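If you want the building blocks of each chain, they are given just below.
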Amino acid sequence: ASLKVLYLFASTPGEQRSGSDISAVLGLASGTLYPILARFETNGILKSEWENIEPSRAGRPRRRYYQLTPYGVSFATEQMHALEMQVQVEQALLA
């Protein structure tokens, strides 16, 4: 599940995404998703900020938006490259 989250952010590195958006796109339950987001933020891969709205006026709770940090972009690129290499090796072994 962590790689799915990382891949989603890597596919649009400058975009901010809310937890509910990520959950809807990836089909991950909050109990799976939010620990991944917290771990990525603790490790400097993601940064987050609360949206600036008045919940009572919006009729919903504030959303927290996550975005890759510069380190997160390079980390995601490295991880995606490593995954591609692993797939290539596995395909070569199966050929």
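Structure shown above.
Just so it is clear, the structure is predicted and the values come from calculations on it, not from any experiment.

**Q** Outline the overall build of the protein, supporting the account with residue identities and numerical values.
**A** Helices and strands together make up the secondary structure of the protein, namely five helices and three strands. Secondary structure elements of the protein occur, N-terminal to C-terminal, as α-β-α-α-β-α-β-α. Its C-alpha atoms give the protein a radius of gyration of 16 Å, clearly above 12 Å, the size a compact globule of 95 residues would have. The principal-axis extents of the C-alpha atoms in the protein amount to approximately 60 × 25 × 20 Å. Across the 95 residues of the protein, 25% fall into the buried class. Pairs at least 24 residues apart make up 53% of the contacts formed inside the protein by residues separated by at least 6 positions. Only carbon and sulfur atoms are counted for the fraction: they give 54% of the accessible area of the protein, which is about 6,200 Å². If you average the places of the 9 positive and of the 9 negative side-chain charges in the protein, the two averages end up 8 Å apart.

**Q** Now, about the environment of Ala-1: what can you tell me, with residues and values included?
**A** In this structure, Ala-1 sits in the segment before α1 (2–11). On the basis of relative accessibility, which here comes to 49%, the residue Ala-1 falls in the partly exposed class. For the pair Ala-1 and Leu-28, spaced 27 residues apart in sequence, the C-alpha separation works out to 7.9 Å. Ignoring anything within four residues of it in the chain, the contact list for Ala-1 reads Leu-28, Thr-32 and Ile-36.

**Q** Now, about the sheet that holds strand β3 (residues 64–68): what can you tell me, with residues and values included?
**A** Spatially, the three strands line up as an open sheet ordered β1-β3-β2, and their pairing is antiparallel. A strand with exactly one partner marks an edge of an open sheet, and here the two such strands are β1 (17–18) and β2 (46–50).

Rules used in this analysis
Residues numbered from 1 in each chain as written. Predicted model: local features only at pLDDT ≥ 70, side-chain atom pairs only at ≥ 80, totals over all residues. Heavy atoms only, no water. Helix = DSSP H or I, 4+ residues; strand = E, 2+ residues; numbered from the N terminus. Rg over C-alpha atoms; globule rule 2.2 N^0.38 Å. Buried < 20%, exposed > 50% of the residue type's maximum accessible area, 1.4 Å probe, protein only. Contact = heavy atoms within 4.5 Å. Areas by Shrake-Rupley, 256 points an atom, 1.4 Å probe, with all protein chains shown as cover. Lys, Arg positive; Asp, Glu negative; His and termini not counted. Charge placed at Lys NZ, Arg CZ, Asp CG, Glu CD. Pairing = 2+ DSSP bridges.

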